[in-house]
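# Per-entry structural report
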Amino acid sequence: HCSRPGFRRMSATVKNPFQHIVEPLDPKDPKQQFYNLSKLGDPRYDRLPFSIRVLLESAVRNCDEFLVKRSDVESILNWKETQTQTVEVPFRPARVILQDFTGVPAVVDFAAMRDAVMKLGGDPEKINPVCPADLVIDHSIQVDFNRKSDSLQKNQDLEFDRNRERFQFLKWGSKAFRNMRIIPPGSGIVHQVNLEYLARVVFKYDGYFYPDSLVGTDSHTTMIDGLGVLGWGVGGIEAEAVMLGQPISMVLPEVVGYKLSGTPDKLITSTDIVLTVTKHLRQVGVVGKFVEFFGPGVAQLSIADRATIANMCPEYGATAAFFPVDDVSIQYLAQTGRDTEKLAYITKYLKAVGMFRDYNNVSQDPDFTQVVELDLDTVVPCCSGPKRPQDRIAVSDMKSDFEACLGAKQSFKGFQVAPEHHNAAIPFQFNGKEYTLSHGSVVIAAITSCTNTSNPSVMLGAGLLAKKAIECGLSVKPYIKTSLSPGSGVVTYYLKESGVMKYLSQLGFEVVGYGCMTCIGNSGPLPEPVVESITQGDLVAAGVLSGNRNFEGRVHPNTRANYLASPPLVIAYAIAGTVRIDFEKEPIAINCDGKEIFLRDIWPTREEIQAVERTFVIPSMFKEVYEKIENVNERWNSLVAPSDKLYTWDPKSTYIKSPPFFDGLTMQLEPPKSINDAYVLLNLGDSVTTDHISPAGNIARTSSAARYLTSRGLTPRDYNSYGSRRGNDAVMARGTFANIRLFNKFLNKQAPQTIHLPTGDTLDVFDAAERYQQSGVPLVVLAGKEYGSGSSRDWAAKGPFLLGIKAVIAESYERIHRSNLVGMGVIPLEYLSGDTADSLGLTGRERYTVIIPEQLTPRMIVDVKLDTGKTFQVRMRFDTDVELAYFHHGGILNYMIRKMSEN
């Protein structure tokens, strides 16, 4: 189990120094015990934020004076006094959660690690998860078919046909590795399944009660924080180490208290609240910190509302967004079908250890590093975009904001369209009728993503709006790609039972699949006439989705403007057909009777929605759906997979390939070496996302990856997506920096290319890197702020590693991506405060030597020398001693293999 030490087991003579605070939770059942933290007798405990109490309990329970020390417990208790210091503590989460895009490479790594351990003379079966690991297959399904009643079945059939090999491999993994459970395709989205089914809230295991906690290989793992389960996203590489028993080494975080007061207006949705919170916390600055919510306003929010806010934690940059358990949490567990015995011990345990919250009780408010406040009365209906989740726009300002963006210079809020082209209109034929597209025309409208589909209030709100729209005689133009991809079967159940599903279907919002779909770029193709019109007019077409990310090139290559919105607003913009509309002043549409219909005429109130929710969202639905979740997919059940403990790699496979990460690995460590005379592969700006570094979407026919797959006998229709190919390093290395929206300063334009500096040739990034590697030359990347923001994507570190990139020099890093770079042995270097590439006069055409001394310390400053004679300093972002240990081993997986190979 994850809560047990990894490499050195506690011997019978080594006793947990906190054994004296162990006692039964119920005197009638003395075998079920818990560590009663209130018996520590330390007044500091009652002042700790509730999220830090979870870290403390884990440290106390796992204290073995080896991996977790008594001094670590003292450091956590002393949290308030350590805010100005960098204090490193270990954390053992109770479990790990994965989705298939990140799960397949994790299982590939495990299979390759077993091979490596055997070559080094160890026992390959030591490579095995020692804590519960749940892998939910949700990232593979695409919106190939929509607007038809059989769209769901057709998309699921195509998903299976495309991904049979991957699914077979995952099924092998579920047999070959202990403690690994696979939730089959068609079940739902990982974070919604986690919320509704997998979450324990309190573990009852091996004779002990303790708080549920987890890390996940998806950045939106934080959604579970809304239920009072502490969890956050980590790199796939780090998650693999946790699964093998290694604690997470983390810097004890600052905790920002986010006080909610007031009551939201009756027309406000949880999506409006989360987009407001996201913009606010981006401005506050919470990167690398925990956010903990408190105040009377929290009691006004349902668990689904809290989970929506917690889900978008990566978008405001925090590590976790924690809502401690209260009575509303227990009511939610009852509503979702958890049994009464569990509810009783969850409540009793959390009250016994001081982790049960009453949001109206001010005396319970703990100490925080900083407190910020939001009055829910001030929240207005809003969207975010057109290129970033934190760029919130009031719905009343959408028209003027879009029009301002059209003419603004190329940026996060600009498309640089010449003024004379702002009103361009391109006519086209679709299904025998003529339509017109212009800038701002909506071509994708997707109700998608666990952020919102887990929330009955916004889903039923969308259904009620659809009902009123149909009753008013409104419709959605047939060329708009509409879709509904719920996060679990429960959603479809209550939409049907409440009678609103038929109205959604009439507007084109048919259920197309249970998975992430449009939110992660699996939006499928647009109609050819639509693509031709967009291309002909160079139009800034729009996608509107109820997702959590809208970075350039992510949703669809042909939608340059993408807006995050609540499910009811997705439908509203689909009906309007454009984002260039002011709903307060202009009608959403004119019906067949010539009557002007305004959005306010069809918008449901909170009271209407709650009345329907109380009647139709009931425990029996959740029980019925989840009782059969692991066996409901017949194609999965009939899939035959091998049962050998070592995987037999198929050299003909283009999906699953043994990675080269461990080739030539020995038990001996090499001392760290300086990086000498490196070339710059790419010169990048701010907010380069993991989508730019390692895209998940379709493989372009002109790309290096496409040429490789063609050479293996595949046709374009069989390419599938980069995300589905993450088990094959040859595809993924070629897909690194292959995003068409990548802006490389060497080229001064968006393209997945760079300049091979020795020759001046413009090449695809992979081809340039290959030339450098053939010459034996190391590479670095220059970047600006927030390098690696966006999805938790280990291939955004593995890919650069395979390209020969030894270091990245950036102004700042997104937390998970920095961790992934460390995990692969790529050095994250950070300019000193005030320095940038521009201020230092760097063009990227210089050659770079990074001086790495033999004796390294966390966050040390090192010299960078250029062939021009210039020298500057950077900070080496290995933040802890453990991260330095990983670097000395050449990465975290090499470290684990050597540990597991020790006799």
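Residues numbered from 1 in each chain as written. Predicted model: local features only at pLDDT ≥ 70, side-chain atom pairs only at ≥ 80, totals over all residues. Heavy atoms only, no water.

## Overview of the overall build of the protein
When helices and strands are counted, the protein shows 30 helices and 36 strands. Taken against the 2.2 N^0.38 rule, which gives 29 Å for 903 residues, the C-alpha radius of gyration of the protein at 27 Å falls within 12% of a compact globule. In terms of principal-axis extent, the alpha carbons of the protein reach across some 85 × 75 × 55 Å. Looking at the protein as a whole, 64% of its 903 residues are labelled buried. A separation threshold of at least 6 residues defines the contact pool for the protein, and within that pool the share at least 24 residues apart is 76%. Accessible surface for the protein amounts to roughly 31,400 Å². Of this, 48% is attributable to carbon and sulfur atoms. Looking at charge distribution, the protein has the averaged site of its 97 positive side-chain charges lying 2 Å from that of its 102 negative ones. (Helix = DSSP H or I, 4+ residues; strand = E, 2+ residues; numbered from the N terminus. Rg over C-alpha atoms; globule rule 2.2 N^0.38 Å. Buried < 20%, exposed > 50% of the residue type's maximum accessible area, 1.4 Å probe, protein only. Contact = heavy atoms within 4.5 Å. Areas by Shrake-Rupley, 256 points an atom, 1.4 Å probe, with all protein chains shown as cover. Lys, Arg positive; Asp, Glu negative; His and termini not counted. Charge placed at Lys NZ, Arg CZ, Asp CG, Glu CD.)

## Regarding the UniProt feature "domain: Aconitase A/isopropylmalate dehydratase small subunit swivel" (unreviewed entry) in the protein
As recorded in UniProt, the feature "domain: Aconitase A/isopropylmalate dehydratase small subunit swivel" (unreviewed entry) lies at residues 706-831. Strand forms 21% of residues 706-831 and helix 33%; the C-alpha atoms that close the span are 36 Å apart. (UniProt positions renumbered as here; feature names shortened; annotations may be inferred.)

## Comments concerning the environment of Ser-187
Checked against the element boundaries, Ser-187 lands in the loop between strand E6 (180-183) and helix H5 (190-198). For Ser-187, a relative accessible area of 6% puts it in the buried group. Residues Ser-187 and Leu-803 lie 616 residues apart in sequence; the distance between their C-alpha atoms is 36 Å. The residues contacting Ser-187, other than those within four sequence positions of it, are Val-193, Gly-487, Ser-488, Gly-489, Tyr-514 and Ile-629. Within polar-contact distance, the side chain of Ser-187 engages the backbone oxygen of Pro-184 at 2.7 Å. (Polar contact = N/O pair within 3.5 Å; in protein donor to acceptor, adjacent residues only side chain to side chain.)

## Brief notes about the nonpolar core
Ranked by size, the top nonpolar core spans 306 residues in total, and within it Tyr-573, Ile-588 and Tyr-787 carry the most contacts. Per element, the largest residue contribution to this core is eleven residues, and it comes from helix H3 (residues 100-119). Among residues more than four places away in sequence, those in contact with Ile-588 are Leu-474, Ala-572, Ile-575, Ala-576, Ile-581, Phe-583, Ile-597, Phe-598, Leu-599 and Ile-602. Core analysis: the second largest hydrophobic core is formed by eleven residues, Ile-699, Ala-705, Tyr-719 and Tyr-722 among them. (Core = buried A, V, L, I, M, F, W, Y, C linked by side-chain atoms within 4.5 Å.)

## Focus on the packing of aromatic side chains
Any pair of aromatic rings gets described here by the distance separating the centres and the angle formed by the planes. For the coordinates displayed, the defined rule picks out 31 aromatic pairs. Geometrically, the ring pair formed by Phe-34 and Tyr-349 is edge-to-face, given 5.7 Å between the ring centres and 80° between the ring planes. Remark: Tyr-349 occurs in helix H11 (residues 340-352) and Phe-34 occurs in strand E2 (residues 33-35); sequence separation between them is 315 residues. Residues Phe-34 and Tyr-349 agree in their burial class; the two are buried. When the centroid spacing of 5.6 Å and the interplanar angle of 20° are considered together, the rings of Tyr-35 and Tyr-208 count as stacked. Of this pair, Tyr-35 sits in strand E2 while Tyr-208 sits in strand E8 (residues 208-211), and the two are 173 residues apart along the sequence. Look at Tyr-35 and you get buried, because its relative accessible area is 3%. Tyr-208 gets classed as buried once you look at its relative accessible area, which sits at 16%. Members of the aromatic cluster, each reached through a chain of ring pairs, are Phe-110, Phe-169, Trp-172, Phe-177, Tyr-647 and Trp-649. (Phe/Tyr/Trp six-rings, centres within 6.5 Å; stacked < 30°, edge-to-face > 60°.)

## Some words on the domain arrangement of the protein
By the assigned domains, the protein splits into domain 1 (19-91), domain 2 (95-378), domain 3 (387-617) and domain 4 (675-901). Taking the mean C-alpha position of each, domain 1 and domain 2 sit 22 Å from one another. In this assembly, 37 residues from domain 1 lie in contact with 38 residues from domain 2. Buried surface at the junction of domain 1 and domain 2, both sides included, amounts to about 3,500 Å², of which 63% is carbon and sulfur. (Domains from an automatic or database assignment. Buried area = accessible area lost by both parts, 1.4 Å probe.)

## Some points on H5
Among the nine residues that make up H5, eight are buried, leaving the element largely enclosed by the rest of the structure. Listing the buried residues of H5 in full gives Val-190, His-191, Gln-192, Val-193, Asn-194, Leu-195, Glu-196 and Leu-198.

## Structural notes on the pattern of salt bridges
Enumeration according to the criterion identifies 45 salt bridges in this entry. Overlapping salt bridges bring together Arg-818, Glu-830, Arg-859, Arg-877, Asp-879 and Glu-883 as one network. (Salt bridge = Lys/Arg side-chain N within 4 Å of Asp/Glu carboxyl O.)

## A closer look at the state of the cysteines
What the rule picks out here adds up to zero disulfides. Not engaged in a disulfide, the cysteine Cys-472 finds its nearest cysteine sulfur in Cys-592; these two sulfurs lie 10 Å apart. Looking at Cys-472, the relative accessible area reads 23%, which means it is partly exposed. (Disulfide = S-S within 2.5 Å.)

## Quick notes on the pairing of strand E32 (residues 805-810)
A regular strand places its side chains so that they alternate between the two faces of the sheet. Most of E32 is tucked away, with five of its six residues classed as buried. Direction of pairing for strand E31 (residues 779-782) relative to E32: parallel, over a ladder of four bridges. The residue bridging Val-781 from the neighbouring strand is Val-808, located in E32. Following the backbone out of E31, through helix H27 (residues 795-803) and into the adjacent parallel E32, one traces a crossover that is right-handed. (Pairing = 2+ DSSP bridges. Right-handed = clockwise from strand over helix to strand, strands pointing away.)

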